[in-house]
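Residue-level structural notes
Each chain, written out:
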There are 2 protein chains.
Amino acid sequence: MSKKPKVKRVVKPELQAKGHMRTRAAHATELAEDYVEVISDLLDEHGEARVSDIAARIGVTHVTVTKKVSLLARDGLVTTKPYRSIFLTDLGREVARRSRERHQIVVDFLVKLGVPKDAAHTDAEGIEHHVSSVTLEAFKRFVKDEVNGAS
Amino acid sequence: MSKKPKVKRVVKPELQAKGHMRTRAAHATELAEDYVEVISDLLDEHGEARVSDIAARIGVTHVTVTKKVSLLARDGLVTTKPYRSIFLTDLGREVARRSRERHQIVVDFLVKLGVPKDAAHTDAEGIEHHVSSVTLEAFKRFVKDEVNGAS
DNA sequence: GTATATTTGTAGCTAATGCTAATTTTTTTA
DNA sequence: TAAAAAAATTAGCATTAGCTACAAATATAC
């Protein structure tokens, strides 16, 4: 039977597996980063980060937030006291800083590329966690470089 | 006390929530897409897609694959028979096609941007699922457009 | 200061992704 | 063809992310 076309060998399997594993690892951290980013924003804006405000920004119920926050506390990113505002630890602040920086780079990059601002923001939310440092540098270069879309 | 700096209002909360919700939705589909893509590749290359090969490419145990495959079958993306190769349904093939197309665009885009091939592939794995159609179009434009890095 | 409203927390559920260990089926090899 | 090897399945566990419903604490209003 004519089975076994053996078309193009796209990528090496191990490399592919590595890619998927990296994606999985990214997933593990990205939700935490999102929370920390939101908490950081709220602290900047209101001086406190309440469960219900976090919930509103992330689009989940307050219960989900409470649960996640306790995991973040376990992992040393935030401090909590019952019925009190959530605050960031030093580590949490550092994660927030890097996260926000990366987010901004991705947004700027997409905007410069011609993506509408709203879409840029939404897409950045998803993309930012999957960008390696090499790619991030490339993004930065592109944003800085003035000679790009120069018709 | 001097609390309440009220710095920059970055994004509207509802918009931000929407972004996070979209990211969550993307997560729900992206693993399925990864599997379908891998299965499609294996079918092209060997005429069959075995559990152990899928496991090797994705980097998980064969048990995890078996479980996920049964969910994919439930969702109408693949067909399975015990101890036999997995095949794609029409829907599965369509998903694979679109997925691969998107993947390729992202890879080409990153490469054109100056990201090394290996990193481009790895990053694309994570990024491809979070790219809206608007952004994808922008990527395409950038790849096609010859006047970019033109010094 | 008490009553009401808001906010936070807890209990208990579903579903998905991962794993190891043990079993069963299929394939290969001697 | 019978034994050994390889591959797939099943059972059962842990973790995480969601939810609703209910209880407790805090804040607000009168």
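If you're wondering where the values come from, they're calculated on a predicted model, not measured in any experiment.

The rules behind these values
Residues numbered from 1 in each chain as written. Chains lettered and ligands numbered in written order. Predicted model: local features only at pLDDT ≥ 70, side-chain atom pairs only at ≥ 80, totals over all residues. Heavy atoms only, no water. Near = heavy atom within 4 Å. Helix = DSSP H or I, 4+ residues; strand = E, 2+ residues; numbered from the N terminus. Nonpolar A, V, L, I, M, F, W, Y, C, P; charged D, E, K, R; others polar. pLDDT = per-residue confidence, 0-100. Contact = heavy atoms within 4.5 Å. Expected span 1.5 Å × (residues − 1). Bend = angle between axes of the 7 residues up to and from the residue. Buried < 20%, exposed > 50% of the residue type's maximum accessible area, 1.4 Å probe, protein only. Polar contact = N/O pair within 3.5 Å; in protein donor to acceptor, adjacent residues only side chain to side chain. Salt bridge = Lys/Arg side-chain N within 4 Å of Asp/Glu carboxyl O. Buried area = accessible area lost by both parts, 1.4 Å probe.

So, on to the protein's contact with DNA strand C. Among the 21 residues in the neighbourhood of DNA strand C, the closest are listed as Arg24 and Ser52 of chain A together with Thr64, Lys67 and Lys68 of chain B. Secondary structure elements with two or more residues in the surface near DNA strand C: helix H2 (51-58) and helix H3 (62-74) of chain A together with helix H3 (62-74) of chain B. Take the surface near DNA strand C: its biggest share by element is six residues, from H3 of chain B. Class assignment of the residues belonging to the surface near DNA strand C gives a composition of nine nonpolar, five polar and seven charged.

Caution applies to low-pLDDT parts of the model: their predicted coordinates are not meant to be read in detail. Here chain A averages 89 in pLDDT, and 89% of its residues register 70 or above. Below pLDDT 50 for its whole length, residues 1-7 of chain A participates in eight contacts with residues either more than four positions away or in separate chains.

All names here are of chain A. Taking 1.5 Å per residue, 34 residues should reach 50 Å; helix H1 (residues 13-46) reaches 49 Å between its end C-alpha atoms and fits that length. Within H1, the axis deviates most sharply at Thr29, by approximately 30°. Immediately downstream of H1, the backbone of Gly47 shows phi near 80°, a positive value.

Our next topic: helix H5 (residues 117-127) of chain A. Counting buried positions along H5 of chain A gives nine out of 11 residues, so the element sits mostly inside the fold. All of the buried residues along H5 of chain A are Ala119, Ala120, His121, Thr122, Asp123, Ala124, Glu125, Gly126 and Ile127 of chain A. Packing partners of the buried residues in H5 of chain A comprise H1 and helix H4 (90-113) of chain A together with helix H1 (13-46), helix H5 (117-127) and helix H6 (133-144) of chain B.

Thr64, Lys67 and Lys68 of chain A together with Arg24 and His62 of chain B are the nearest of the 21 residues found near DNA strand D. Counting only the atoms of DNA strand D that lie within 4 Å of the protein, the sugar and phosphate share comes to 68%. In the model, a phosphate oxygen of DNA strand D is placed 3.5 Å from a nitrogen or oxygen of the Arg50 of chain B side chain. Between DNA strand D and Ser52 of chain B, the relevant distance is 2.8 Å, taken from a phosphate oxygen to a main-chain nitrogen or oxygen of the residue. Within the residue set of the surface near DNA strand D, elements represented by two or more residues are H3 of chain A together with helix H2 (51-58) and H3 of chain B. Examining the composition of the surface near DNA strand D, we find that six residues originate from one element, H3 of chain A, more than from any other. Grouping the constituent residues of the surface near DNA strand D by class yields nine nonpolar, five polar and seven charged.

Moving on, we get to the pattern of salt bridges. Residues and elements named next belong to chain A. All told, the structure shown has 24 salt bridges over all chains when counted by the stated rule. Where Arg97 meets Glu101, a salt bridge forms, and the shortest distance between an N and an O atom there is 3.1 Å. Of this pair, Arg97 and Glu101 both sit in helix H4, separated by four residues, roughly a single helical turn. In this structure, a network of salt bridges that share partners links the residues Glu94, Arg97, Arg98 and Glu101.

Here the focus is the interface of chain A and chain B. At the junction of the two partners, chain A supplies 56 residues and chain B supplies 56 residues. Carbon and sulfur atoms supply 57% of the area that chain A and chain B bury against each other, a total of about 4900 Å² over both sides. When the buried surface of chain A facing chain B is broken down by residue, His20, Glu45 and Arg57 of chain A rank first, second and third, together holding 12% of it. At the surface where chain A touches chain B, the tally comes to two salt bridges. The closest approach of N and O atoms between Arg22 of chain B and Asp123 of chain A, which form a salt bridge, is 3.0 Å. Where chain A touches chain B, the interface holds 16 residue pairs in polar contact (both at pLDDT 80 or more). Those elements that place two or more of their residues in the side of chain A that touches chain B are H1, H2, H4, H5 and helix H6 (133-144) of chain A. Among the residues making up the side of chain A that touches chain B, the classes are represented as 24 nonpolar, 14 polar and 18 charged.

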